[in-house]
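Spelled out from the first residue to the last, the chains are:
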Amino acid sequence: MAFVVADAADSAGTPVDREIVAAAAQLYRDLHAHPELSGAEEHTAVRFAAALRGLGCQVTTGVGGHGVVGVLRNGAGPTVLIRAELDALPVAEETGLPYASTATGVTADGRTVPVMHACGHDLHLAAAVGAAAHLAQERDSWRGTLLTVGQPAEETLQGAAALLDDGLYDRFGRPDLLLAQHAAPLPAGMVAHGVGAMTAGCVTLDVTVPGRGGHAATPHLCVDPVLLAATIVLRLQALVARQASQDDPVALTVGTLRAGHHAAVIADEATLGVTIRSRHERTLDQVLDSVIRTIRAACAAGNSPREPTVRVVSRTPAYVGDPAMTSRVRAAHLGVFGTERVSWWPPSLAAEDFPLLAVGGIPSSYWMLGTVGPRQWRTVPGATAAEKLGNLPTNHSPAFAPHVELALPTGVAALVAAARTLLALD
């Protein structure tokens, strides 16, 4: 896979008004400096809604939580929905940017944590506003309806379902095309499309392991849930090692493990946060069943006083793009950016809840948006593109910092070109 690194001059060829990009960049910096956790995106939603209202969109807030829907009608014709995400992550930013986040937030279990846009959702929101601004400015070149959606709680894979449960399509119309893009550690100025399962299906679990608490000096009188939880963590990794194949990879991660409040006290219970990822629903089901059996068996063997609780917090399928629509949007991007700035993206075990919005087979297109600036790409260690990618800060890293001057105009132009595949006048 060959990558071509753009420079600042390349962005001038992107057919988007410079004032639109400048306004979008200002919004981006504001959003980046003031991130909010999943389900708590109140002020982010206010900023996003205000930007859409300023373009003449009819805006509705509070959809599926803090979701925002902006409607731009321009005569009879098809409806295109652009999805961007409102939420950020519990990560302490280490980018050194002048607009770096110093924000904190409170998690669902009451902990105060640092918050950062470490996955590019702020870039997605700014690009979506820029695309809406461009289409609002050039109404004489297209017909139909543009829905610009700020989705809450993507990082917890709960927001898309919440939008649908709140009547997204009943209230605003069923779209004829869904569009979304995602920041990725590719050279800024590029986009990349996928074939087949572009993202994985994912199940998120909340597990409670019961114990019997007491004094650390008398562990024989207790059932230590931390020991049980540690046993479960090791057994789950062994389980995946024996069930996953190279042709059907599975990623199982225990992302959180919490218990107790004092080193000299054995807790009454421990909790684990677990994700299971696969590109196939059948594999997800098989591994999920095995995970539940393993947890129950470990607790029974450890003399846990009660059955463990395993709760499915969220589930999303793999994203498999419609081949015809992918080809159509890719062709539009080739026309705008040229062959050197349009690449292919391999299958990944990253997960998205965007596939849930394609309920009933709505056609969709989803692509990756490069974020790595020219200087960073040149200086990062590696003799090949693959080696460089392996040494770059990834999404969810505290050092994740998109090169806004190149990535943002590319993101705006990519959305506009994709929307025009359906909205353009014949």
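Further up the page is the structure itself.
Basis of the calculations
- Residues numbered from 1 in each chain as written.
- Predicted model: local features only at pLDDT ≥ 70, side-chain atom pairs only at ≥ 80, totals over all residues.
- Heavy atoms only, no water.
- Helix = DSSP H or I, 4+ residues; strand = E, 2+ residues; numbered from the N terminus.
- Rg over C-alpha atoms; globule rule 2.2 N^0.38 Å.
- Buried < 20%, exposed > 50% of the residue type's maximum accessible area, 1.4 Å probe, protein only.
- Expected span 1.5 Å × (residues − 1).
- Arc of directions from axis to C-beta.
- Pairing = 2+ DSSP bridges.
- Axes fitted to C-alpha atoms, helices over the stretch in contact; angles between N-to-C directions.
- Contact = heavy atoms within 4.5 Å.
- Phe/Tyr/Trp six-rings, centres within 6.5 Å; stacked < 30°, edge-to-face > 60°.
- Lys NZ or Arg CZ within 6 Å of the ring centre and 35° of its normal.
- Core = buried A, V, L, I, M, F, W, Y, C linked by side-chain atoms within 4.5 Å.
- Left-handed = near helix turned anticlockwise from the far one by under 90°.
- Disulfide = S-S within 2.5 Å.
- Lys, Arg positive; Asp, Glu negative; His and termini not counted.
- Salt bridge = Lys/Arg side-chain N within 4 Å of Asp/Glu carboxyl O.

A.B. asks: Any chance you could explain the overall build of the protein here in plain terms?
C.D. replies: A tally of helices and strands in the protein yields 11 helices and 18 strands. Rg of the C-alpha trace for the protein: 23 Å, near the compact-globule value of 22 Å for 426 residues, within the 12% margin. Across its three principal axes, the protein shows a C-alpha extent of roughly 75 × 50 × 40 Å. The burial tally for the protein puts 52% of its 426 residues in the buried class.

A.B. asks: Explain helix H1 (residues 18–33) to me, please; I cannot follow it from the model alone.
C.D. replies: Two residues of an α-helix separated by three or four positions point the same way, owing to the 3.6 residues in each turn. With 16 residues, H1 should cover 22 Å at 1.5 Å per step; its first-to-last C-alpha distance of 23 Å lies within 8% of that length. Buried within H1 we find Ile20, Val21, Ala24, Ala25, Leu27, Tyr28, Leu31 and His32. Down the axis, H1 shows its buried residues gathered within 165° of arc, on one side only. For H1, the exposed residues set more than 90 degrees away from the buried face come down to Arg18, Glu19 and Gln26.

A.B. asks: Please clarify how the sheet that holds strand S12 (residues 250–259) should be interpreted in this entry.
C.D. replies: Where strands meet in a sheet, backbone hydrogen bonds hold them as pairs that are either parallel or antiparallel. Read across the open sheet, the four strands follow the order S12-S14-S10-S15; overall the sheet is antiparallel. In the strand order of this sheet, the two ends are held by S12 and strand S15 (309–316), each with one partner. Pairwise comparison of adjacent strand axes, ignoring direction, gives a mean angle of 15° for this sheet. Here seven bridges tie strand S10 (residues 201–210) to S15, and the two strands are oriented antiparallel to one another. Looking at the pairing, Asp206 lines up with Arg311 of S15. Contacts from helix H6 (residues 225–243) reach S10, S12 and strand S14 (269–278) within the one sheet, and its direction differs from that of S12 by about 175°.

A.B. asks: Help me understand the packing of aromatic side chains, please; the structure alone is not making it clear to me.
C.D. replies: Any aromatic ring pair is given by two values, namely how distant the centres are and how the planes are angled relative to each other. One pass over the structure, following the stated rule, counts four aromatic pairs. Aromatic pair Tyr319 and Tyr366: ring centres 5.3 Å apart, planes at 50°, arrangement tilted. Of this pair, Tyr319 sits in strand S16 (residues 319–320) while Tyr366 sits in strand S18 (residues 364–372), placing them 47 residues apart in sequence. In this structure an aromatic cluster arises from ring pairing among Tyr319, Phe354 and Tyr366. Its guanidinium or amino end placed over the ring of Trp344, Arg330 lies 3.6 Å from that ring's centre, counting from NZ or CZ.

A.B. asks: Help me understand the nonpolar core, please; the structure alone is not making it clear to me.
C.D. replies: Nonpolar side chains tend to gather and get buried jointly when the protein is soluble and globular. Judged by nonpolar contacts, the single largest core of 63 residues is most densely connected at Leu52, Leu146, Leu179, Trp367 and Leu408. Top contributing element to this core by residue count: helix H11 (residues 404–423), with 12 residues. In terms of nonpolar packing, the next biggest core, distinct from the first, is built from 25 residues, Val203, Val223, Val287 and Val291 among them.

A.B. asks: Sorry if this is basic, but what is going on with the pairing of S18 here?
C.D. replies: Strand residues, when the strand is regular, have side chains that alternate between the two faces of the sheet. Of all nine residues in S18, nine are buried; the element is thus mostly enclosed. In S18, alternate side chains face the same way, and those of Ser364, Tyr366, Met368, Gly370 and Val372 on one face and Ser365, Trp367, Leu369 and Thr371 on the other are all buried. As paired strands, strand S7 (residues 177–187) and S18 are joined by eight bridges and run parallel to one another. Looking across to S18, one finds that Ala180 is bridged to Tyr366.

A.B. asks: Help me understand the packing of H6 against helix H7 (residues 281–301), please; the structure alone is not making it clear to me.
C.D. replies: Two quantities define a packed helix pair, namely the angle between the axes and the distance from one axis to the other. Direction vectors running N to C along H6 and H7 enclose 145°, while the axes themselves pass 10 Å from each other. Like other packed secondary-structure pairs, H6 and H7 cross with a definite hand, here right-handed. Touching Leu228, Ile232, Arg235, Leu236, Leu239 and Gln243 of H6 are Gln286, Val287, Ser290, Val291, Thr294, Ile295, Ala297, Ala298 and Cys299, all from H7.

A.B. asks: So what exactly am I meant to see when it comes to the sheet that holds strand S1 (residues 58–63) here?
C.D. replies: Spatially, the eight strands line up as an open sheet ordered S1-S2-S6-S3-S7-S18-S8-S17, and their pairing is mixed. The open sheet has two edge strands with one neighbour each: S1 and strand S17 (342–345). Each neighbouring strand pair of the sheet contributes to a mean axis angle of 30°, computed without reference to strand direction. Where strand S8 (residues 191–194) and S17 come together, four bridges link them in parallel fashion. Following the sheet pairing, Gly194 is matched in S17 by Trp345. Helix-sheet contacts for helix H3 (residues 121–137) involve strand S2 (67–74), strand S3 (79–85), strand S6 (144–151), S7 and S18, and the interaxial angle to S3 is about 150°. Packing of H11 onto the sheet brings it into contact with S3, S6, S7, S8 and S18, and relative to S7 it is tilted by some 150°.

A.B. asks: Looking at this model, I keep getting lost on the state of the cysteines. Mind explaining?
C.D. replies: A covalent bond between the sulfur atoms of two cysteines is what we call a disulfide. For the structure shown, the criterion picks out zero disulfides. In this structure Cys299 is a free cysteine whose sulfur lies 16 Å from that of Cys222, the closest cysteine sulfur available.

A.B. asks: Help me out: how do you make sense of the side chain of Asp122 in this one?
C.D. replies: Within the fold, Asp122 resides in helix H3. Buried charge Asp122 goes without a salt bridge, the closest partner of opposite sign being Arg29 at 10 Å.

A.B. asks: Please clarify how helix H2 (residues 42–53) should be interpreted in this entry.
C.D. replies: The end-to-end C-alpha distance of H2, which contains 12 residues, comes to 16 Å, matching closely the 16 Å that a straight helix rising 1.5 Å per residue would cover. Where H2 is concerned, the buried positions are Thr44, Ala45, Phe48, Ala49 and Leu52. Here the buried residues of H2 occupy an arc of 130° about the axis, which is enough to place them on one side. Close packing links the buried residues of H2 with H1, S1, S2, H3 and S6.

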